[in-house]
Amino acid sequence: MKAIYTILLLVLSNVFMTFAWYGHLKLQEMKLISSWPLIAVILFSWSLALFEYCCQVPANRMGFSENGGPFSLIQLKVIQEVITLVVFTLFTSFLFRNEAFLWNHAASFLCLVLAVLFAFWK
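The structure displayed is predicted, hence computed values, not measured ones.

**Student:** Just to check I follow, could you spell out the packing of helix H3 (residues 73-95) against helix H4 (residues 103-120) for this structure?
**Tutor:** Any two packed helices are characterised by how steeply their axes cross, that is the angle between the axes, and by the distance between the axes. Remark: H3 packs on H4, axes separated minimally by 9 Å, with the N-to-C direction vectors making an angle of 160°. For the element pair H3 / H4, the angle class is roughly antiparallel. The interaxial crossing formed by H3 with H4 has left-handed handedness. Judged by residue contacts, Gln75, Val78, Ile79, Val82, Leu85, Val86 and Thr89 of H3 engage Phe109, Leu112, Ala115, Val116, Ala119 and Phe120 from H4. Here the residues of the contact of H3 with H4 are counted per class, giving 11 nonpolar, two polar and no charged.

**Student:** Explain the layout of surface pockets here, please?
**Tutor:** Picture a little ball the size of a water molecule; that probe, rolled over the atoms, points out where space is still empty. Here the largest pocket defines a volume of roughly 260 Å³. Phe88, Thr89, Thr92, Phe101 and His105 are the residues nearest the centre of the largest pocket, which is lined by 13 residues in total. If one sorts the elements of the lining of the largest pocket by residue count, H3 sits on top with five residues. Here the lining of the largest pocket is composed, by residue class, of seven nonpolar, five polar and one charged.

**Student:** What should I look at first to understand the nonpolar core in this one?
**Tutor:** In globular proteins that are soluble, nonpolar side chains generally tend to be buried together. By size, the foremost hydrophobic cluster in this structure holds 10 residues: Leu9, Leu10, Cys55, Ala59, Phe64, Phe71, Leu76, Ile79, Ile83 and Val87. Among the elements of the structure, helix H1 (2-29), helix H2 (38-63) and H3 are those that each provide at least two residues to this core. The element contributing the most residues to this core is H3, with four residues.

**Student:** I tried to follow H2 on my own but got confused; where do I start?
**Tutor:** Compared with the 38 Å implied by 1.5 Å per residue over 26 residues, the 36 Å span of H2 between its first and last C-alpha is a close match. Three or more residues of H2 are buried, namely Val41, Ser45, Leu48, Ala49, Glu52, Cys55, Gln56, Ala59 and Gly63. Turning to H2, the residues buried within the fold contact H1 and H3.

Each value, and the rule that gives it
- Residues numbered from 1 in each chain as written.
- Predicted model: local features only at pLDDT ≥ 70, side-chain atom pairs only at ≥ 80, totals over all residues.
- Heavy atoms only, no water.
- Axes fitted to C-alpha atoms, helices over the stretch in contact; angles between N-to-C directions.
- Helix = DSSP H or I, 4+ residues; strand = E, 2+ residues; numbered from the N terminus.
- Parallel < 35°, antiparallel > 145°, perpendicular 65-115°, else oblique.
- Left-handed = near helix turned anticlockwise from the far one by under 90°.
- Contact = heavy atoms within 4.5 Å.
- Nonpolar A, V, L, I, M, F, W, Y, C, P; charged D, E, K, R; others polar.
- 1 Å grid on protein atoms, 1.4 Å probe; cavity = no way out; pocket = protein on both sides within 12 Å on 5 of 7 lines; lining within 4 Å.
- Points joined across faces, edges and corners; volume = space filled by probe spheres on them.
- Core = buried A, V, L, I, M, F, W, Y, C linked by side-chain atoms within 4.5 Å.
- Buried < 20%, exposed > 50% of the residue type's maximum accessible area, 1.4 Å probe, protein only.
- Expected span 1.5 Å × (residues − 1).

No statement about biological role is implied by the geometric values presented.
Here's what the structure looks like:
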């Protein structure tokens, strides 16, 4: 059960992270924050990133094997990176439709899947 909760928290944290890092670009494109000064955009992104940390820190604490979780530190990091790229790709596909998904992007994802396989290999 801890593995499922850890992964769900990692997914949720990455949704907040991706929107905090890149959402302002879409909001600017939509002319919702185009007149905001840079410091306001930074504070807006930072406030969203707080929610990322509210999910990320518990996920790492719960998932880490030395705290009774199912994952080693390296496994947690590899899982996190794969989730980050999947969330980012979905975010980009739906909000930035002018970004093309090319063959080398698919090859990169295959390498990530292999990275997860190797990280969990006993």
